[in-house]
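Now for the letters of each chain:
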Amino acid sequence: MSSLAQDVLVGGSIVTYLRLGGRPTVGLLVATLYALYRIGIQDSDDISEERQDQNDKENVKALKNLKKSTGEEKGQKLRYIKVNNKLQLVRGSGLEEEANALKNTVAVDFTKSFSPASNTSNIDSTKASGKPRRRKGPKIIRKQELPKRSPRLVKNNTNLSESNIFIFYSSLTGSSERTAKYLHNMLSINKSVKNESRLVNIDDDIDDLDEYFLNVPRDIDNILYVMVLPSYETDSPIDFFLQTLEENANDFRIDSYPLKEKILGYSVIGIGDREHYPNKFCYQATETDKYLFKLGARRIFPLGKFCIKNDKDEKIREWCDLYVDSLTDNDAMILDDNEYFEEDDEDYDINGSNSESENSGEGSTLVDIEEMGNMMQKSNNGSETETEVREVKEMVAKDSPTYKSLTKQGYTVVGSHSGVKICRWTKSALRNRGSCYKFAFYGIRSHLCMETTPSLSCSNKCVFCWRHGTNPVGTNWRWQVDGPEEILNGAMEGHYKKIKQMRGVPGINSERFQEAFRIRHCALSLVGEPIFYPYINEFVGMLHEKEISSFLVCNAQHPEQLRNLKKVTQLYVSIDAPTKTDLKKVDRPLFKDFWERLNSCLDILNTVQSHQRTVFRLTLVKGFNMSEVDKYADLITKANPSLIEIKGATFCGSSSGNGNPLTMQNIPFYEECKNFVIALNDELAKRNATYGIAAEHAHSCCILVGHTKYKIDGKWHTHINYDKFFELLRTKGDDFDEMDYVSETPSWAYWGSEEAGFNPADVKYDRKEEKLKKKLAREKAQQEATLKEIEMNAVSI
Ligand SMILES: Cc1cc2nc3c(=O)[nH]c(=O)nc-3n(C[C@H](O)[C@H](O)[C@H](O)COP(=O)(O)O)c2cc1C
Ligand code: SF4
């Protein structure tokens, strides 16, 4: 704008303002500016370099304003670059952004938007058969919607077994084709699968990929996709396929999630070669999985990646079998949303709406009423009539608030007094993100571990208990008793159901997912007091019959039951405080003679149960039980346990409602736990008790002290040889010793090791960092969407 025009505009504005007021002035200004702008466009060919520079300055000003209005001052860089002698708004500063800007220029210019993108030139867009693919038609442009995905647990409304399955494959040397055909065959012979699946060769049978991966075949309902894809680091037809998915996923003109609700779900099988391409193993299948998710489709089964060299066909078959199996199972499942899973990892509710139908306990067998204590009075004629049986209450009745509270917290209540819940480490291990400290200390693989209890009731109300005071309490068994078989079957069913629900969660390792359907360990520790259950020995016996190891935790309040306990793989006793006064404060026991009971239990460990592999568990709570280390040492020498686990308490929230008095101030730092352990070790040494600090799992704030008999030839042997344990049970009954089934501790678990107990084979996952990354990505996406909308609006003006 010339200085004369500026003067006229300023003068005119002042006069208008004085005579007519603010609004007409603004109107005049806008109209004048617009007129000048139009003139500028018409004359643009004649604009001199000087005037162009002047325009650029104006644009830079506008850019600054835009930055402010979009709140991007501190975020990405916004700038203009020249494209065809016109300024374009771009983000970023590098060449890549510049290239993208050029692409974006095409994108907003609809007349050119259907020319092939420049970077596709090296991609072969002909089909493998040599026929050209149909060129892409105009894409449907809708108003950009910002992602509003609320993660939730969904119950399939449609029976997946009635779906229409498309098995897409691409294959150069035949292995993926064979796999696709195998799956096709498996689906055909399964009577529960109603419709014949369709085999589609992506390279030969599809003219326009958008017909399937942007739109979907019309007149076909309930579609499921299975992709069977090899990976080639060299050029291959899969490049074009991936290119299409990528473009569709990133093309802002396309509806945000074009496949959402158009198909029921998808799954991907990758075939590759891990040996020769370790860093690119099945990378194209992984990309496909990612893009289908970005396109809004729901992953209904974990990505399977199979090595053509090392994985036997058996693994592929297992995947296919489980897949087919999952089609006939309509359990609620978790929608694949990372945010949800990671934020609420600790205590999210995977039980959700279907908990009502789970483990209804119908058909519960009342196996014995003798154990039910004084509540059960036999009738005069000595027979057990139905009326009497009904008089005995259920510990957790289905219509009780306790039941609702427990199921809401993610427990499956089994029968009337047992529970199962998938622990966060099991979920973590299924995603390759590390196992719990028991993997480092004893070799328990978390994805093979079931956490359960046959008694939800407990005789303590410990301050650090994460059940939030929701479970029943009592000093004697006064409820109905469910049979051990029923409990075990119910618990396993509940556990597997929850594993299945994980199938849509991103990052699930398919191999581990498959393995998880064979429980190998049982942690009897969930809530309540397992040893309280009258048939605990029978229950443990059944676990062992199935070659499931048993880790039983008890609270040292039931000496009789402890005395009568038969062989378990590892027997824990929780020692929550070293003195009577502190124990009362920490455990809030119901028994009046709680201290005597604890001491009896210690004696039993050192006598009757000395053949067991015994563990003291200390949970450290600052301000409650971290002083008087010497007193702990006294208790340890009394019981002579094999191992001592010392763990910092975890904060599980406090609320006045549940009477939990802990705050974050009570949670010790790892350094404080370490100092405690060093002091304890010194105290033990003073008493000539032969212990040493064996292992640590810094991530869980947990340290293991071991009896030096576990240090064989200078090496710790705190791991368990599980096969040997079961073999001994078979051959010797209960007649063997704790040292008969030890195994060497890996060096990465050693106290003071660099890995500090983190298995190097797992992927370290920094939840906070990941969350931050995701937040930034989300903000970036939102900013981009806003900017695109601004740009589009500007073009349409
Ligand atoms: C040239 C070439 C490149 C390959 N690149 C990869 C690769 O990057 N990642 C991978 O996991 N496998 C790679 N493979 C292995 C193939 O994916 C594997 O052989 C697969 O079974 C081929 O599937 P198909 O028989 O269905 O074509 C490559 C194989 C060849 C011959
Ligand atoms: S041992 Fe406990 S924490 Fe570890 S996986 Fe099993 S249930 Fe989870």
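Residues numbered from 1 in each chain as written. Chains lettered and ligands numbered in written order. Predicted model: local features only at pLDDT ≥ 70, side-chain atom pairs only at ≥ 80, totals over all residues. Heavy atoms only, no water.

The name recorded for the protein chain in an unreviewed UniProt entry is S-adenosyl-L-methionine-dependent tRNA 4-demethylwyosine synthase, from Saccharomycopsis crataegensis. Comment text from UniProt for the protein chain, heading Cofactor (unreviewed entry), reads "[4Fe-4S] cluster". For the protein chain, the Sequence similarities (unreviewed entry) comment in UniProt is given as "Belongs to the TYW1 family." (UniProt positions renumbered as here; feature names shortened; annotations may be inferred.)

A.B. asks: Describe the nonpolar core, naming the residues involved and giving the relevant values.
C.D. replies: Grouped together as the largest cluster of nonpolar side chains are 82 residues, with contacts concentrated most on L552, F616, F676 and L680. When residues in this core are grouped by element, the largest group, seven residues, is from helix α20 (residues 594-606). Excluding its chain neighbours within four sequence positions, the residues that come into contact with L552 are L524, I531, I536, V540, L565, V568, Q570, L571 and Y572. (Core = buried A, V, L, I, M, F, W, Y, C linked by side-chain atoms within 4.5 Å. Buried < 20%, exposed > 50% of the residue type's maximum accessible area, 1.4 Å probe, protein only. Helix = DSSP H or I, 4+ residues; strand = E, 2+ residues; numbered from the N terminus. Contact = heavy atoms within 4.5 Å.)

A.B. asks: Please give an account of the site of ligand 2 that cites residues and values.
C.D. replies: Near ligand 2 the following residues occur: C423, W425, T426, C436, K438, S446, C449, E451 and A523. Listing elements by their share of the shell around ligand 2, those giving two or more residues are α13 (424-430) and β12 (449-453). Of the residues contributing to the shell around ligand 2, the split by class is five nonpolar, two polar and two charged. (Near = heavy atom within 4 Å. Nonpolar A, V, L, I, M, F, W, Y, C, P; charged D, E, K, R; others polar.)

A.B. asks: Lay out the side chain of S700 in plain terms, naming residues and giving numbers.
C.D. replies: As for its position among the elements, S700 is in the loop between β18 (691-697) and β19 (702-707). Since its relative accessible area comes to 9%, S700 is described here as buried. Here S700 is in contact with W425, Y437 and K647, once residues within four sequence places are set aside.

A.B. asks: Go over the confidence of the model for the protein chain, please, and point to the residues and values.
C.D. replies: Low-pLDDT stretches of the model should not have their predicted coordinates read in fine detail. Considering every residue of the protein chain, the mean pLDDT works out to 76; 67% of them sit at 70 or more. Long-range and interchain partners of residues 38-53, a stretch whose pLDDT sits below 50, account for five contacts in this model, where long-range means more than four residues apart. Between residues 654-658, whose pLDDT stays under 50, and residues either more than four places distant or in other chains, the model counts four contacts. Here the predicted complex carries an ipTM of 0.88, next to a pTM of 0.59. (pLDDT = per-residue confidence, 0-100.)

A.B. asks: Give a detailed account of the pairing of strand β15 (residues 570-574), specifying residues and quantitative values.
C.D. replies: Walk down a regular strand and you will see the side chains alternate between the two sheet faces. Across the five residues of β15, five count as buried, placing the element largely inside the fold. Of the two faces of β15, both are covered, the one formed by Q570, Y572 and S574 as well as the one formed by L571 and V573. Both strand β14 (residues 549-554) and β15 contribute to a ladder of four bridges, which runs parallel. Each residue of the ladder has a partner; that of L552, found in β15, is L571. Of the crossover connections in this fold, the one passing from β14 over helix α18 (residues 559-564) to the parallel β15 is right-handed. Bridge count for β15 against strand β16 (residues 614-620) is four bridges, and the pairing is parallel. (Pairing = 2+ DSSP bridges. Right-handed = clockwise from strand over helix to strand, strands pointing away.)

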